[in-house]
There are 2 protein chains.
Amino acid sequence: MTYAINFEANNAKFQKEGFPGKQPLPPSKHVTIVSCMDARIDVHKALGVGIGEAHLIQNAGGRSAEALRSVVISQQLLGTKEVHVIHHTDCGMLTFSNADIRSKIEKDLGTSAANVAGAIDFLPFADLDKSVREDVKFLKDSPLVLDVPIHGWVYQIEDGKIRKVK
Amino acid sequence: MTYAINFEANNAKFQKEGFPGKQPLPPSKHVTIVSCMDARIDVHKALGVGIGEAHLIQNAGGRSAEALRSVVISQQLLGTKEVHVIHHTDCGMLTFSNADIRSKIEKDLGTSAANVAGAIDFLPFADLDKSVREDVKFLKDSPLVLDVPIHGWVYQIEDGKIRKVK
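These notes cover the structure that comes with them. What you see is a predicted model, and the numbers here were worked out from it, not measured in a lab.

Notes on the overall build of chain A
Counting secondary structure elements, chain A contains six helices and five strands. In sequence order, chain A lays out its α and β elements as α-β-α-β-α-β-α-α-α-β-β. For chain A, the spread of C-alpha atoms along the three principal axes comes to 50 × 50 × 35 Å. Looking at chain A as a whole, 58% of its 166 residues qualify as buried.

Overview of the side chain of glutamine 75 of chain A
Residues and elements named next belong to chain A. Within the secondary structure layout, glutamine 75 lies in helix α3 (residues 64-78). Taking the relative accessible area as the measure of exposure, glutamine 75 reaches 3% and is therefore buried. Excluding residues that lie within four positions of it along the chain, glutamine 75 makes contacts with Thr80, Val83, Leu144, Val145, Leu146 and Val148.

Details of the relation of the copies chain B and chain A
With an RMSD of 0.0 Å, chain B superimposes on chain A once it is rotated by 180° and translated 0.0 Å along the axis. The symmetry that links the two subunits is that of a two-fold axis. By C-alpha distance to the rotation axis, the residue of chain B lying nearest is glutamine 58 of chain B, at 2.3 Å. Counting the interface residues of chain B, we find that 100% of their copies in chain A are interface residues as well, pointing to one common contact surface.

Concerning the interface of chain B and chain A
Many structure descriptions define interface size as the accessible area lost when the parts assemble. Each partner contributes to the interface: chain B provides 83 residues, whereas chain A provides 83 residues. Summed over both sides, the interface of chain B with chain A buries roughly 7600 Å², with 66% coming from carbon and sulfur. Its largest share of buried area at the contact with chain A, chain B owes to Phe7, Met37 and Arg69 of chain B, together 11% of the area lost on that side. At the junction of chain B with chain A, the criterion picks out four salt bridges. Counting the contacts that link chain B with chain A gives 35 residue pairs in polar contact (both at pLDDT 80 or more). When residues in the side of chain B that touches chain A are grouped by element, the largest group, eight residues, is from helix α3 (residues 64-78) of chain B. Here the residues of the side of chain B that touches chain A sort into 45 nonpolar, 18 polar and 20 charged.

Description of the state of the cysteines
All names here are of chain B. Using the criterion set out here, one finds zero disulfides over all chains in the structure. Free of any disulfide, cysteine 36 has its nearest neighbouring cysteine sulfur in cysteine 91, separated by 4.1 Å. By relative accessible area, cysteine 91 is classed as buried at 3%.

Remarks on the packing of aromatic side chains
Counted according to the given criterion, the structure contains eight aromatic pairs over all chains. Between the aromatic rings of phenylalanine 7 of chain A and tryptophan 153 of chain B, the centroid separation amounts to 6.0 Å while the plane-to-plane angle is 80°, which identifies the pairing as edge-to-face. Here tryptophan 153 of chain B lies in strand β4 (residues 150-155) and phenylalanine 7 of chain A lies in helix α1 (residues 7-17), a pairing that spans two chains. Summarising the aromatic geometry, the rings of phenylalanine 14 of chain B and phenylalanine 19 of chain B are spaced 6.1 Å apart at their centres and angled 75° between planes, so their arrangement reads as edge-to-face. Each residue in the set Tyr3 and Phe7 of chain A together with Trp153 of chain B is aromatic and connected to the rest through ring pairs, giving one cluster. Of note, lysine 164 of chain B hangs over the ring of tryptophan 153 of chain B, and the distance from its end group to the ring centre comes to 5.6 Å.

A look at unusual backbone geometry
All names here are of chain A. The phi dihedral of aspartate 90 is positive, around 60°, even though this residue is not glycine. Tracing the backbone shows aspartate 90 in the loop between β3 (82-88) and α4 (98-109). Overall, the relative accessible area of 31% leaves aspartate 90 in the partly exposed class. Here the phi dihedral of leucine 123 falls at roughly 60°; this positive angle occurs in a residue that is not glycine. Turning to its location among the elements, leucine 123 is positioned in the loop between α5 (111-117) and α6 (128-141).

Focus: the pairing of strand β1 (residues 31-36) of chain A
Working note: regular strand, side chains alternate between the two faces of the sheet. Residues and elements named next belong to chain A. Burial within β1 is extensive, with six of its six residues counted as buried. Alternating positions in β1 separate into two faces, Val31, Ile33 and Ser35 on one and Thr32, Val34 and Cys36 on the other, with burial throughout. By the bridge criterion, six bridges tie β1 to strand β2 (residues 54-59) in an arrangement that is parallel. Bridge pairing links valine 34 to isoleucine 57 in β2. Sheet analysis places β1 next to β3, joined by four bridges and oriented parallel. If you follow threonine 32 over to β3, its bridge partner there is valine 83.

Topic: α3 of chain B
Residues and elements named next belong to chain B. For α3, spanning 15 residues, the distance from its first C-alpha to its last is only 18 Å, which falls clearly below the expected 21 Å at 1.5 Å a residue. Along its length, α3 shows its largest kink, about 35°, at serine 70. Just beyond α3, the residue with positive phi is glycine 79, at close to 70°.

Thoughts on the environment of leucine 25 of chain B
Among the structural elements, leucine 25 of chain B can be located in the loop between α1 (7-17) and β1 (31-36). Overall, leucine 25 of chain B belongs to the buried group, its relative accessible area being 19%.

Thresholds applied
- Residues numbered from 1 in each chain as written.
- Chains lettered and ligands numbered in written order.
- Predicted model: local features only at pLDDT ≥ 70, side-chain atom pairs only at ≥ 80, totals over all residues.
- Heavy atoms only, no water.
- Helix = DSSP H or I, 4+ residues; strand = E, 2+ residues; numbered from the N terminus.
- Buried < 20%, exposed > 50% of the residue type's maximum accessible area, 1.4 Å probe, protein only.
- Contact = heavy atoms within 4.5 Å.
- Least-squares fit on C-alpha atoms with pLDDT ≥ 70 in both.
- Buried area = accessible area lost by both parts, 1.4 Å probe.
- Salt bridge = Lys/Arg side-chain N within 4 Å of Asp/Glu carboxyl O.
- Polar contact = N/O pair within 3.5 Å; in protein donor to acceptor, adjacent residues only side chain to side chain.
- Nonpolar A, V, L, I, M, F, W, Y, C, P; charged D, E, K, R; others polar.
- Disulfide = S-S within 2.5 Å.
- Phe/Tyr/Trp six-rings, centres within 6.5 Å; stacked < 30°, edge-to-face > 60°.
- Lys NZ or Arg CZ within 6 Å of the ring centre and 35° of its normal.
- Pairing = 2+ DSSP bridges.
- Expected span 1.5 Å × (residues − 1).
- Bend = angle between axes of the 7 residues up to and from the residue.

Below, the structure is given as structure tokens:
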């Protein structure tokens, strides 16, 4: 079997050269990060997060409503005490509407698929900094999230720099 | 402001020494990975995934039902053509039930929070390989997912090795 990325060969190299040994289950820095699935973001590298230090939740846009289940598990079962929400410039979520993606699905997968998609909010957004503030607020306001520091950031795809969102 | 991990200092170093320049938005290897938020997994390192190559979706357990919105965006808007679902040994999701976490929430956050949590399936599982097969099947069966290769893997926390799930 071949894959677009040679996971097995790369992983054999990692086992020999990069694996730090078995770490404990709870994140050693007690941190939870919510970020975007974007291919251009390697959170471990860009923020200097070591193996074992932080939970890393990622989805399209880094939306915290969808991350809620994971954040609750992170806090309740694994003792994390600080949350960071990170969105980024040039995000795909800034480029489409729910109507756009439903129409693309209708073309690719047919009318019945488009009807299924009609029930899904794909959570696009139009204003980057506002989306970060909203997602921080969503977690702060949730009755399921502990009263811990929750911070918002933007990662700049252009130069690799993070900046705090106030 | 101080944080448990010094993101700003680490990021300044990354900008100077690790940032590869701005990459295109669509993943260059056309790959989508669904994995767990576990702190001990650095997918980029463990599988040799470079910046810009693959979408990386992560949540508690690496559950594909929750990843569906992101997978659809990845395929429909950004042209990915291969999906990999990766769960791992020693996963927190093997250690609790919905009743357990609801009872913990009641203790920490009160009865009204526990009632809100009562509506959430936290998606724990009891059998690791079965959970991978189920999550691969979920995507294969979804009317919203393209007919592309979808593979299942287990990452071994003990030795850093991946193995294919059949």
